[in-house]
Amino acid sequence: MMASPDRMPLPREFFDRPVLEVAPDLLGRVLIRDTPDGPIELRLTEVEAYAGEVDPGSHAFRGRTPRNAVMFGPPGHAYVYFTYGMWHCLNLVCGPEGHASGVLLRAGEIVMGAELTRKRRFSARHDRELAKGPARLATALDVDRALNGADVCAGPDHPLSVLTGTPVTKDQVRSGPRTGVGGDGAHHPWRFWIDGDPSVSPYRAHAPRRRRT
């Protein structure tokens, strides 16, 4: 039996494009996390684009390191990093191999497997908060550094995959500055979200961390 069009996996060619094309085009797509307890499906509602060596807000701005090596390709792989000593964040690598860029998955709606995510996101007051923010999204999907480099184009039998879903129309997409990004990259309008969706996270401007005296 042929899968319906919305259940078809996104091909690698989808990710092998400029990051500012891929990022808004991910809205409405469905990310599947295959866990030992069962699959979880998440409809993407908010993302941020990071353009590598030309983007002061990117982990790859100063070049390749062991930490960010996955960002340099090939496209269609997961880049997972650990931040603030407590949270993981999930990105999807895009663009031509050798040029680091990626899309941070900021928020989404759990459309299947909510009972599995509630065990990890027990502080969520409503299901719309299960993946409302990048750290919450990674926690809900049980994503950690073990998935760094995972191929999201390898098929549904792998830990992460992305389905066609129902992409949103251009009039449903909003854009603005990225959350928490300071310096020269603070004002790039590279955060994209579905207008009015309750799972979208609140915007927060960059706040410099104060040194203890």
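All figures in this text were calculated on a predicted structure; none of them were measured in a lab. (Residues numbered from 1 in each chain as written. Predicted model: local features only at pLDDT ≥ 70, side-chain atom pairs only at ≥ 80, totals over all residues. Heavy atoms only, no water.)

## Here's the deal with the overall build of the chain
And step 1. Looking only at helices and strands, the chain features four helices and eight strands.
And step 2. Radius of gyration (C-alpha) of the chain: 16 Å, near the 17 Å computed for a compact globule of 213 residues.
And step 3. Taking all 213 residues of the chain together, 50% fall into the buried category.
And step 4. The long-range share in the chain, meaning contacts at least 24 apart out of those at least 6 apart in sequence, stands at 62%.
And step 5. For the chain, the exposed area adds up to about 11000 Å²; of that, 53% sits on carbon and sulfur atoms. (Helix = DSSP H or I, 4+ residues; strand = E, 2+ residues; numbered from the N terminus. Rg over C-alpha atoms; globule rule 2.2 N^0.38 Å. Buried < 20%, exposed > 50% of the residue type's maximum accessible area, 1.4 Å probe, protein only. Contact = heavy atoms within 4.5 Å. Areas by Shrake-Rupley, 256 points an atom, 1.4 Å probe, with all protein chains shown as cover.)

## A word on the pairing of strand E6 (residues 160–163)
And step 1. Neither face of E6 is left uncovered, since the one carrying Leu-160 and Val-162 and the one carrying Ser-161 and Leu-163 both have all their residues buried.
And step 2. Sheet topology places strand E1 (residues 30–35) next to E6; four bridges connect them, and they run antiparallel. Note that in E6 the partner of Arg-33 across the bridge is Leu-160. (Pairing = 2+ DSSP bridges.)

## Comments concerning unusual backbone geometry
And step 1. The omega angle of the peptide bond from Gly-73 to Pro-74 is 5°, so this bond is cis rather than trans.
And step 2. Within the secondary structure layout, Pro-74 lies in the loop between strand E2 (38–50) and strand E3 (78–83).
And step 3. Of note, Asp-142 is a non-glycine position whose phi angle comes to about 55°, a positive value.
And step 4. The exposure class assigned to Asp-142 is partly exposed, which follows from its relative accessible area of 32%.

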